[in-house]
Amino acid sequence: MTVRPRGSRSRQDVYASIQAFEPMTRIAWGGGPKISKGRHAAKRTTGAVEGRGININTDRRSILSYAIVGFGAVGQALARAFASKNIKVAVASRRPPEALAPQARAIGPTVVAKSLRDALEADTIILAVPFGEHREVAKALPSWKGKTVIDAMNALVPPEELDGLPSSAFVAKALTGAKLVKGFNHLIAATLAADPIVEGGHRVIFLSSDDEDATAPVAALAKQLGFAPVKLGELNEGGALVHARGRTWGQLIFQDLFKKEQ
Ligand SMILES: NC(=O)c1ccc[n+]([C@@H]2O[C@H](COP(=O)([O-])OP(=O)(O)OC[C@H]3O[C@@H](n4cnc5c(N)ncnc54)[C@H](OP(=O)(O)O)[C@@H]3O)[C@@H](O)[C@H]2O)c1
């Protein structure tokens with residue numbers, strides 16, 4: 001399904017209207033087309049990945065591997081995915097951690113509110129802020145070398161404003177030295193927050209990157225979270241299918257697919 005937002009609508013309006021179309025048709029890969037009538041029809045499985053033996057009360061920065069920057073619709077949806085698998089994740093926004101802590105705690109004990117600066121100590125950082133804000137986040141670290149950044153953002157700005165680049169390549173330029181992978185951007189937040197086990201299969205997450213080495217650990221994370229990662233290749237190749245360009249959504253955006261196998 002390709003959705004073309006109308007000129008005057010804000011990003012949130014677009015997401016809200018798309019949400020109204022749920023439940024979506026879900027297509028089982030390898031198993032022929034299937035229609036799922038209930039939005040969250042599949043039962044939540046009990047086979048969650050075990051916790052990692054981390055004492056969440058110690059809250060040492062050195063053991064944090066993951067952070068989500070942006071704690072709105074998508075940030076909270078992803079935090080739920082981490083919490084459901086007992087995986088520790090820092091969450092941050094422009095607001096102080098005290099302001100985010102009640103909601104973080106409500107999602108689960110493995111979700112820890114941090115200052116932006118402290119959250120950015122994680123190895124793998126998911127960017128879930130409004131697209132234009134990536135520049136501000138970029139400034140928070142002198143160097144992004146050694147960081148893996150997962151770009152969950154969608155940019156609806158025209159390609160001319162992005163130097164003709166796919167939006168994630170534009171973001172990568174601001175985060176000098178980071179390994180950037182686009183992912184978790186193609187589904188609406190409510191779907192991301194839902195159980196990724198659907199009708200015995202796993203909800204598909206598309207990953208694309210110009211850095212071949214960066215994709216494998218992100219795919220492993222997606223699997224840990226219960227999703228089925230599908231690699232699309234480079235940002236300007238397969239990745240174009242999950243990029244918004246101008247006011248056109250890539251053809252795979254909002255396609256809620258699942259695979260029988262991870
Ligand atoms: N909503 C969806 O269904 C959906 C689906 C797929 C992808 N996306 C993409 O995901 C991104 C986030 O969308 P959203 O709907 O989650 O937005 P949202 O609900 O407005 O949340 C944005 C979050 O970013 C934080 N933020 C803003 N500027 C920041 C900065 N400079 N530094 C740190 N945190 C900052 C905000 O918190 P503070 O105000 O406290 O800083 C807020 O927590 C967007 O790029 C969007 O295109 C959205």
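What counts, and at which threshold
- Residues numbered from 1 in each chain as written.
- Predicted model: local features only at pLDDT ≥ 70, side-chain atom pairs only at ≥ 80, totals over all residues.
- Helix = DSSP H or I, 4+ residues; strand = E, 2+ residues; numbered from the N terminus.
- Buried ≥ 20, exposed ≤ 12 C-beta atoms within 10 Å, placed from the backbone.
- Contact = placed C-beta atoms within 7 Å.
- Arc of directions from axis to C-beta.
- Near = placed C-beta within 6 Å.
- Nonpolar A, V, L, I, M, F, W, Y, C, P; charged D, E, K, R; others polar.
- Axes fitted to C-alpha atoms, helices over the stretch in contact; angles between N-to-C directions.
- Parallel < 35°, antiparallel > 145°, perpendicular 65-115°, else oblique.
- Right-handed = clockwise from strand over helix to strand, strands pointing away.
- Pairing = 2+ DSSP bridges.

> Help me understand the overall build of the protein chain, please; the structure alone is not making it clear to me.
From N to C terminus, the protein chain includes eight helices and 13 strands. By residue count, 44% of the 262 residues in the protein chain fall in the buried class. When contacts within the protein chain are restricted to residue pairs at least 6 apart in sequence, long-range pairs at least 24 apart make up 71% of them.

> What am I meant to see in helix α3 (residues 97-107) here?
Because each turn of an α-helix spans 3.6 residues, side chains separated by three or four positions end up pointing in the same direction. Of the positions making up α3, those classed as buried are Leu100, Ala104 and Ile107. When α3 is viewed along its axis, its buried side chains cluster within an angular range of 45° and face the same direction. Away from its buried face by more than 90 degrees, α3 exposes Glu98, Pro102, Arg105 and Ala106. The secondary structure elements touched by the buried residues of α3 are α2 (73-84), β3 (89-92) and β4 (111-113).

> Would you take a moment to explain the site of the ligand for this structure?
The full set close to the ligand counts 26 residues, and Gly70, Gly72, Ser93, Arg94 and Met153 are the nearest of them. Contributing elements (two or more residues each) for the shell around the ligand: α1 (11-19), α2 and α5 (134-139). Examining the composition of the shell around the ligand, we find that three residues originate from one element, α2, more than from any other. Residue classes in the shell around the ligand are distributed as 15 nonpolar, six polar and five charged.

> Sorry if this is basic, but what is going on with the environment of Ile125 here?
Here Ile125 lies in strand β5 (residues 124-127). For the pair formed by Ile125 and Val91, sequence separation is 34 residues and the distance between their alpha carbons is 9.6 Å. Leave out the neighbours within four places in its chain, and Ile125 touches Ala67, Val69, Leu120, Lys147 and Val149.

> Please clarify how the packing of α2 against α3 should be interpreted in this entry.
Contact pair α2 / α3: the axes reach a minimum separation of 9 Å and the direction vectors enclose 45°. Here α2 lies oblique to α3, going by the angle between them. Contacts between α2 and α3 involve Gln76, Ala79, Arg80 and Ala83 from the first element and Gln103, Ala104 and Ile107 from the second. Among the residues making up the contact of α2 with α3, the classes are represented as four nonpolar, two polar and one charged.

> Please explain unusual backbone geometry as it appears in this structure.
Only a minority of non-glycine residues have a phi that is not negative, and only a minority of peptide bonds are not trans. A positive phi angle is found at Glu199, which is not glycine, with a value near 45°. In this structure, Glu199 sits in the loop between β8 (197-198) and β9 (201-208). Positioned with a positive phi, Phe254 is a non-glycine residue whose angle comes to about 75°. Considering the arrangement of structural elements, one finds Phe254 in the loop between β12 (248-249) and β13 (257-259). The exposure class assigned to Phe254 is buried, which follows from the 20 C-beta atoms found within 10 Å.

> Sorry, what's going on with the pairing of β3 here?
A regular strand places its side chains so that they alternate between the two faces of the sheet. Alternating positions in β3 separate into two faces, Val89 and Val91 on one and Ala90 and Ala92 on the other, with burial throughout. Handedness of the crossover joining strand β2 (residues 66-69) and β3 through α2: right-handed. The pairing of β3 with β4 spans three bridges and is parallel. Residue pairing across strands places Val89 opposite Val111, the latter belonging to β4. Handedness of the β3-α3-β4 crossover: right-handed.

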